[in-house]
Amino acid sequence: MKKILPFFSYLFHPIFIPLLGTVLYILFQENYFTIPQVYLLVFQVIIITIFLPMSFFYLLKTFGKVDTIMLSDVNQRKIPLLLQMALTVVLIKQSITIDRFPELYFFFLAGLITTFIAFVLLFFKIKSSIHMIGVSALTFFVIGLSLHNQINIIYVIASLFLFTGIIASSRLYMKAHTMTELVIGYAIGMIPQLLLWYAWL
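The structure presented is a predicted model; accordingly, all values stated were derived computationally and were not measured. (Residues numbered from 1 in each chain as written. Predicted model: local features only at pLDDT ≥ 70, side-chain atom pairs only at ≥ 80, totals over all residues. Heavy atoms only, no water.)

Some thoughts on the overall build of the protein
On a plain count of helices and strands, the protein comes out with eight helices and zero strands. The linear arrangement of helices and strands in the protein, starting from the amino end, is α-α-α-α-α-α-α-α. Its C-alpha radius of gyration of 16 Å places the protein within 12% of the 17 Å reference for a compact globule of 201 residues. For the protein, the spread of C-alpha atoms along the principal axes amounts to about 45 × 35 × 30 Å. The proportion of buried residues among the 201 residues of the protein is 51%. (Helix = DSSP H or I, 4+ residues; strand = E, 2+ residues; numbered from the N terminus. Rg over C-alpha atoms; globule rule 2.2 N^0.38 Å. Buried < 20%, exposed > 50% of the residue type's maximum accessible area, 1.4 Å probe, protein only.)

A look at a nonpolar patch on the surface
A cluster of nonpolar side chains, Leu52, Phe56, Leu59 and Phe63, forms an exposed patch at the surface whose accessible area comes to about 390 Å². Topologically, Phe63 is positioned in the loop between α3 (35-62) and α4 (78-94). (Patch = residues over 30% accessible without salt bridge, like charges linked within 9 Å, V, L, I, M, F, W, Y side chains within 5 Å. Areas by Shrake-Rupley, 256 points an atom, 1.4 Å probe, with all protein chains shown as cover. Salt bridge = Lys/Arg side-chain N within 4 Å of Asp/Glu carboxyl O.)

A look at empty space enclosed by the protein
Summed over the entire model, instances satisfying the criterion amount to one cavity of 30 Å³ or more. The volume enclosed by the largest cavity comes to roughly 710 Å³. Lining the largest cavity we find 36 residues, and of these Pro14, Ile15, Leu81, Gln84 and Ile130 sit closest to its centre. Going through the elements one at a time, α2 (17-28), α3, α4, α5 (102-122) and α6 (130-149) are the ones with two or more residues in the lining of the largest cavity. (1 Å grid on protein atoms, 1.4 Å probe; cavity = no way out; pocket = protein on both sides within 12 Å on 5 of 7 lines; lining within 4 Å. Points joined across faces, edges and corners; volume = space filled by probe spheres on them.)

Structural notes on the confidence of the model for the protein
Overall, the prediction assigns the protein a mean pLDDT of 88, with 91% of residues at 70 or greater. The spread of mean pLDDT over the elements of the protein runs between helix α1 (residues 4-11), the lowest at 67, and α5, the highest at 95. (pLDDT = per-residue confidence, 0-100.)

Quick look at unusual backbone geometry
What you tend to see is this: most non-glycine residues have negative phi, and most peptide bonds are trans. Of note in this structure, Lys125 is not a glycine but carries a positive phi near 60°. On the secondary structure map, Lys125 appears in the loop between α5 and α6.

Quick notes on the side chain of Glu103
Within the element layout of this structure, Glu103 appears in helix α5. The charged side chain of Glu103 is buried without a salt bridge, its nearest counter-charge being Arg100 at 12 Å. With sequence-adjacent residues up to four places away left out, Glu103 is seen in contact with Tyr25, Gln29, Phe141, Leu145, His148 and Trp200. (Lys, Arg positive; Asp, Glu negative; His and termini not counted. Contact = heavy atoms within 4.5 Å.)

Re α2
Look at α2: 16 Å from first C-alpha to last across 12 residues, which is about the 16 Å you get at 1.5 Å a residue. Across the 12 residues of α2, nine count as buried, placing the element largely inside the fold. Among all positions of α2, only Ile17, Pro18, Leu19, Gly21, Thr22, Leu24, Tyr25, Ile26 and Phe28 are buried. Of the surrounding secondary structure, the elements contacted by the buried residues of α2 are α3, α5, α6 and α7 (154-173). (Expected span 1.5 Å × (residues − 1).)

Structural data, given as structure tokens:
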């Protein structure tokens, strides 16, 4: 368990959540997507939510603004969260627009709201778990897809709840967060997704 638990912190790192949400959207959305559409959508998400943030991370690390990809220090989180918000705005204005991918649009819009809340909390020295933010947002987006498309994906949803527990245990084991920080993270990841259900369910 000592080796397995930290592995899940990296496997479900928040940087991969947008891509996971996009892939699950493609799999469970009732609309038909052509292969070129799928490739283009996934490529755009990878570039904007993984490659660009990683490039900026290494730039910040070079200048000593961050130390690890886990961003354990409260002050080190401000610039990466600002960058994430900026890139998300670009994504939903230029690529994942409401008229082309409405369900996925609201997933990212809720993520933008969540990131803003996490950013504001930093000024009050409140560190929320970004891992829990990511997995809770993903879980409730998938639940929304299940309700919206009237499909039974209970095993996927159950697996996401299972991974939530494993990730929470991992963060506690690594002493990266307190239980309070995990709960705060889970709540601010979940609530915007739930509130925006009313816009697309």
